[in-house]
Amino acid sequence: MEHILEGLPQEKWIDIIFNASQGLSAKELTRLLERQGAMEILLEKRLGEMWEEELNYLIHSEESSEEIHHRVQNIAIESMGNILTQNE
């Protein structure tokens, strides 16, 4: 049971995506893609055509790397919860 709690949430998320039913994984991945699409529209409306440059700057910024890492782990935890609660 202890091994379940080992590792980063992102690593556990990948395990769950690959081992959950294809239907549940597809549903969650589709939800994430739709969310990303909506965020890209929002970014384009707010920042104009320069949004991708701003995003790349943020991704490669050392000062944002820890914040991005934490956000990714939180998204992984939320996504795992979505899959596991539907699997019950």
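Residues numbered from 1 in each chain as written. Predicted model: local features only at pLDDT ≥ 70, side-chain atom pairs only at ≥ 80, totals over all residues. Heavy atoms only, no water.

## Structural notes on the packing of helix α1 (residues 9-19) against helix α4 (residues 62-87)
Each pair of packed helices gets described by two things: the angle between the helix axes and the distance between those axes. Relative orientation of the contacting elements α1 and α4 amounts to 30°, with a least axis distance of 8 Å. Comparing their axes, α4 and α1 come out roughly parallel. Along this stretch, α1 crosses α4, giving a crossing that reads as left-handed. Within the contact between the two elements, α1 uses P9, Q10, K12, W13, I16 and I17 and α4 uses V72, Q73, A76, I77, S79, M80, I83 and L84. Class assignment of the residues belonging to the contact of α1 with α4 gives a composition of 10 nonpolar, three polar and one charged. (Axes fitted to C-alpha atoms, helices over the stretch in contact; angles between N-to-C directions. Helix = DSSP H or I, 4+ residues; strand = E, 2+ residues; numbered from the N terminus. Parallel < 35°, antiparallel > 145°, perpendicular 65-115°, else oblique. Left-handed = near helix turned anticlockwise from the far one by under 90°. Contact = heavy atoms within 4.5 Å. Nonpolar A, V, L, I, M, F, W, Y, C, P; charged D, E, K, R; others polar.)

## Here we look at the pattern of salt bridges
Tallied over the full model, the rule gives two salt bridges. For E28, the salt bridge is made with R31, and the minimal N-O distance between the two is 2.8 Å. Here the residue E28 and the residue R31 both occupy positions in helix α2 (residues 22-47), the gap between them amounting to three residues, near one helical turn. E28 gets classed as buried once you look at its relative accessible area, which sits at 3%. We classify R31 as partly exposed; its relative accessible area is 25%. For E78, the salt bridge is made with R31, and the minimal N-O distance between the two is 4.0 Å. Taken together, the residues E78 in helix α4 and R31 in helix α2 connect sequence positions 47 residues apart. (Salt bridge = Lys/Arg side-chain N within 4 Å of Asp/Glu carboxyl O. Buried < 20%, exposed > 50% of the residue type's maximum accessible area, 1.4 Å probe, protein only.)

## Considerations on a nonpolar patch on the surface
Together, L55, L58 and I59 line one region of the surface with nonpolar side chains, adding up to about 240 Å² of accessible area. Tracing the chain through its elements places L55 in helix α3 (residues 51-60). Take L55: its relative accessible area is 33%, and that puts it in the partly exposed class. (Patch = residues over 30% accessible without salt bridge, like charges linked within 9 Å, V, L, I, M, F, W, Y side chains within 5 Å. Areas by Shrake-Rupley, 256 points an atom, 1.4 Å probe, with all protein chains shown as cover.)

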